[in-house]
Amino acid sequence: MHKFDVVVIGAGAAGLFCAGQAGRQGLKVLLVDHSDKVAEKIRISGGGRCNFTNRDATPAQFLSENPHFCRSALSRYTPQDFIELLQRHDIPFHEKHKGQLFCDRSAEDVINMLLAECDAGQVTRWQSCSIKTVLCAEQAGATSYQIESSRGLIEAPQVVIATGGLSIPKIGATDFGYRIARQFGLRLVEPRAALVPLTFEGDSWAPYAQLAGLALPVKIETGPPEATPKQRKKAVVFSEDLLFTHRGLSGPAVLQISSFWREGQPIRVNLAPGVDLAALLLRAKATSRKLIANELASLVPSRLADAWVSEDPALQRPISDATDKALQALAQRLGDWQLTPNGSEGYKKAEVTVGGVDTRDLSSQTMESKQPGLYFIGEVVDVTGWLGGYNFQWAWASGFACAQALAARRVEQVA
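Here is what the cut-offs are and how they apply
Every residue gets a number counted from 1 within its own chain, in the order that chain's sequence is written. In keeping with the model being predicted, local features are shown solely for residues with a pLDDT of at least 70 and side-chain atom pairs are shown and tallied solely at 80 or more, while totals for entire chains, interfaces and linings include all residues. Each side-chain value is worked out from all heavy atoms of the structure, with water and hydrogens disregarded. Put simply, DSSP marks the helices as runs of H or I at least four residues long and the strands as runs of E at least two long, and each gets a number from the N terminus on. What makes two residues a contact is simply this: any of their non-hydrogen atoms within 4.5 Å. All accessible areas in this document rest on Shrake-Rupley with a 1.4 Å probe, and a residue is counted as covered only by the protein chains that are shown. Charge counting follows a simple rule: Lys and Arg are positive, Asp and Glu are negative, and His as well as the terminal groups are ignored. Taken as the charge location is NZ of Lys, CZ of Arg, CG of Asp or CD of Glu. What marks off one domain from the next here is an automatic or database domain assignment. Note on definitions: buried area is the accessible-area loss of two parts on being combined, 1.4 Å probe, summed for both. We define a salt bridge as a side-chain nitrogen of Lys or Arg found within 4 Å of a carboxyl oxygen belonging to Asp or Glu. Pairing of N or O atoms within 3.5 Å defines a polar contact, subject to two protein rules: one partner must be a possible hydrogen donor and the other a possible acceptor, and residues neighboring in sequence count only if both atoms are side-chain atoms. The classification used treats Ala, Val, Leu, Ile, Met, Phe, Trp, Tyr, Cys and Pro as nonpolar, Asp, Glu, Lys and Arg as charged, and all other residues, Gly among them, as polar. Helices are assigned an expected span. That span is 1.5 Å times one less than the residue count. Burial classes follow relative accessibility: with a 1.4 Å probe on protein chains only, a residue under 20% of its type's maximum area counts as buried, one over 50% as exposed, and anything between as partly exposed. Arc definition: it is the arc formed by the directions from the helix axis to the C-beta atoms. Pairing between strands is defined by DSSP: at least two bridges between them are needed. Angular values range over 0 to 180 degrees, each being the angle between N-to-C directions of two axes fitted as lines to C-alpha atoms, with helices fitted over their stretch in contact. Orientation is classified from the angle alone, with under 35 degrees giving roughly parallel, over 145 giving roughly antiparallel, 65 to 115 giving roughly perpendicular, and any other angle giving oblique. UniProt positions are given in the numbering used here, feature names are shortened, and annotations may be inferred rather than shown by experiment. With strands facing away from the observer, any crossover in which the path from the first strand over the helix to the second runs clockwise is taken as right-handed.

Asker: Go over the overall build of the protein with me, naming the residues and quoting the values.
Answerer: The helix and strand inventory of the protein stands at 14 helices and 23 strands. Principal axes of the C-alpha set define a box for the protein whose edges measure 90 × 45 × 35 Å. Here the analysis covers contacts within the protein between residues at least 6 apart in sequence; of these, 74% occur between residues at least 24 apart. For the protein, the exposed area adds up to about 18100 Å²; of that, 49% sits on carbon and sulfur atoms. In the protein, which carries 44 positive and 43 negative side-chain charges, the distance between the mean positions of the two groups comes to 2 Å.

Here it is in structure tokens:
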């Protein structure tokens with residue numbers, strides 16, 4: 001029997017960070033992962049440079065059935081705290097866009113830093129090591145966990161589940177954390193793919209498939225088809241780049257809105273934000289003999305202009321010959337393009353998983369569940385950030401809150 005103060009299951013961002021923090025506070029920590037590689041999501045994030053946090057992170061950028069749950073952890077471990085950790089390890093970084101911070105060199109810098117923190121805390125790491133069972137027993141009035149693993153039996157009074165969600169199964173994602181939660185009677189918010197490209201029916205998408213590879217800045221939102229003006233005013237709207245693909249839409253704008261989109265809902269896209277298309281087209285009508293497509297190409301990308309005009313014979317003429325009504329309708333459609341996805345690219349392309357362990361069964365202060373001594377951190381919890389470094393900040397913040405609680409519990413036990 002291998003005995004530890006705490007076992008952390010899952011060597012991703014949250015698990016590595018929590019293990020290192022707990023170890024540096026004097027706990028005897030075992031970090032276990034079924035893969036022989038650590039932190040694959042860190043390794044592939046940000047094009048290999050890891051968007052490790054967002055300087056402007058607040059609770060407003062996180063989704064949850066309980067949007068207030070993340071406040072405590074985020075307030076106690078901030079982006080600046082993680083920035084200072086990188087600086088102590090002499091890791092150079094830069095701000096790319098909207099508060100998003102990236103490594104100058106490689107995501108490996110962050111991984112090596114987290115491993116160095118674990119080494120400093122004398123964390124024991126077992127990889128690859130699969131967990132077969134996690135059982136709880138009462139010993140002399142105290143809770144103890146017996147864990148059967150491929151490397152032998154483990155005993156510890158505290159267990160941390162940091163196994164993430166279902167996103168990107170090819171790098172090791174599983175439902176292990178959800179199964180453990182169910183085993184101990186914890187509730188789950190139904191998981192779904194998020195930060196993921198959206199897809200459309202083949203026939204309905206055919207006119208736009210030719211635009212694959214085209215990117216442009218847009219405003220995008222989603223909501224019920226019957227949304228009232230008041231509901232739309234409260235809708236979440238993102239101003240980011242959109243990318244056309246052969247199967248649908250991607251790019252930061254679509255990844256952002258996918259976390260909020262539900263099956264059957266339309267999305268609404270303004271393909272020319274900040275441009276009064278109707279006024280400009282009507283003005284051109286009075287002075288130009290160019291084709292409508294050519295005039296439109298001065299306002300939006302030419303491929304987009306050609307695709308829109310090609311769908312309507314009434315628009316395939318000089319702009320001076322078009323009716324005001326036709327030009328206004330064209331402007332309206334480009335400024336408020338409404339379409340309903342038939343689905344998404346799913347977990348294989350999703351950057352994160354929305355949903356997870358229900359926060360009603362967790363402490364926002366400690367990340368401990370209602371099952372004593374059992375903690376959940378990171379993506380496995382029903383807290384999901386926007387695109388742009390927010391999910392890593394949740395990993396650091398929830399891992400820190402948990403490590404503080406583990407250390408405090410250990411002090412109590414010793415006392």
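Asker: Can you explain the domain arrangement of the protein? Please cite residues and give values.
Answerer: Often the size quoted for an interface is simply the accessible area lost on bringing the parts together. You can read the domains of the protein as domain 1 (2-192 + 352-414) and domain 2 (198-344). Relative placement of domain 1 and domain 2: their C-alpha centres are 40 Å apart. Across the contact, 7 residues belong to domain 1 and 11 residues belong to domain 2. With both sides pooled, the region where domain 1 packs onto domain 2 buries about 770 Å², and carbon together with sulfur makes up 50% of that total. Of all residues in domain 1, Arg192, Trp386 and Leu387 give up the largest surface area on contact with domain 2, accounting jointly for 61% of the area buried on that side. Between the two partners, domain 1 and domain 2, sit 1 salt bridge. A salt bridge links lysine 98 to glutamate 240; the shortest N-O distance between them is 3.5 Å. Joining domain 1 to domain 2, the criterion identifies 4 residue pairs in polar contact (both at pLDDT 80 or more). Of the residues in the side of domain 1 that touches domain 2, the class split is 4 nonpolar, 1 polar and 2 charged.

Asker: Tell me about the pattern of salt bridges, and please be specific about residues and values.
Answerer: Counted under the stated rule, the structure contains 19 salt bridges. A salt bridge links lysine 3 to glutamate 155; its shortest N-O distance comes to 3.5 Å. Placement of lysine 3 in strand S1 (residues 2-3) and of glutamate 155 in strand S11 (residues 152-156) is noted, with a sequence separation of 152 residues between them. Beyond isolated ion pairs, a larger network of salt bridges with shared partners links Glu40, Arg43 and Glu108.

Asker: Tell me about helix H13 (residues 324-335), and please be specific about residues and values.
Answerer: The terminal C-alpha atoms of H13 lie 16 Å apart, and with 12 residues this matches the ideal 16 Å at 1.5 Å per residue to within 8%. Considered for burial, the residues of H13 that qualify are Ala326, Leu327, Leu330, Ala331 and Leu334. The buried residues of H13 occupy an angular sector of 135 degrees when projected down its axis, which confines them to one face. Where H13 is buried, its residues touch strand S18 (267-270), helix H10 (277-287), helix H11 (292-296), helix H12 (302-310) and strand S19 (337-339).

Asker: Tell me about the sheet that holds strand S2 (residues 6-9), residues and numbers included.
Answerer: Spatially, the 5 strands line up as an open sheet ordered S8-S3-S2-S12-S22, and their pairing is parallel. This sheet does not close on itself; its edge strands, each paired only once, are strand S8 (124-126) and strand S22 (374-376). Recorded for the sheet is a direction-independent mean angle of 20 degrees between the axes of neighbouring strands. In terms of strand pairing, strand S12 (residues 158-161) meets S22 through 3 bridges, oriented parallel. Residue pairing for S22: isoleucine 161 is matched across the bridge by phenylalanine 376.

Asker: How would you summarise the pairing of S12 if you had to cite specific residues and measurements?
Answerer: Because side chains alternate across S12, one face comprises the buried residues Gln158 and Val160, and the other comprises Val159 and Ile161, equally buried. The pairing of S2 with S12 spans 4 bridges and is classified as parallel. When the bridges of S12 are listed, valine 8 appears paired with valine 160.

Asker: Can you lay out the sheet that holds strand S4 (residues 51-54) for me, pointing to particular residues and giving the numbers?
Answerer: If you trace the 3 strands from one edge of the open sheet to the other, you get S4-S7-S6, paired in antiparallel fashion. Of all the strands in the sheet, the pair left with one neighbour each is S4 and strand S6 (93-97). Pairs of neighbouring strands in the sheet enclose a mean axial angle of 35 degrees, with direction left out of account. Across 4 bridges, S6 lies against strand S7 (residues 100-103) in antiparallel orientation. By the bridge assignment for S7, histidine 97 is matched with glutamine 100. Strands S4, S6 and S7 of the sheet are contacted by helix H4 (residues 79-88), whose axis makes an angle of about 140 degrees with S4.

Asker: Can you break down the packing of H4 against helix H5 (residues 108-120) residue by residue, with the values?
Answerer: The N-to-C vectors of H4 and H5 enclose an angle of 85 degrees; their axes lie 11 Å apart at closest approach. Considering the angle they form, H4 stands roughly perpendicular to H5. Residues Phe82, Leu85 and Leu86 of H4 pack against Val110, Met113 and Glu117 of H5. When the residues that make up the contact of H4 with H5 are grouped by side-chain class, the tally is 5 nonpolar, no polar and 1 charged.

Asker: Please provide a residue-by-residue account of the UniProt feature "domain: RsdA/BaiN/AoA(So)-like insert" (unreviewed entry) in the protein, values included.
Answerer: Those places that UniProt annotates as "domain: RsdA/BaiN/AoA(So)-like insert" (unreviewed entry) correspond, in this numbering, to residues 192-352. With 37% helix and 20% strand, the stretch residues 192-352 has end C-alpha atoms that lie 9 Å from each other.

Asker: Break down the environment of glutamate 65 for me, citing the residues and quoting the values.
Answerer: Note that glutamate 65 resides in the loop between strand S5 (62-63) and helix H3 (71-76). When the C-alpha positions of glutamate 65 and glutamine 158 are compared, they lie 26 Å apart, and in sequence the two are 93 residues distant. Setting aside its immediate chain neighbours within four residues, glutamate 65 contacts Val189 and Asp382.

Asker: Can you lay out the pairing of S2 for me, pointing to particular residues and giving the numbers?
Answerer: The alternating pattern of S2 places Val6 and Val8 and Val7 and Ile9 on opposite faces, both of which are buried. Sheet topology places S2 next to strand S3 (residues 29-32); 4 bridges connect them, and they run parallel. Its bridge partner being in S3, valine 7 is matched across the sheet by leucine 30. Taken together, S2, helix H1 (residues 13-24) and S3 form a β-α-β motif whose crossover is right-handed.

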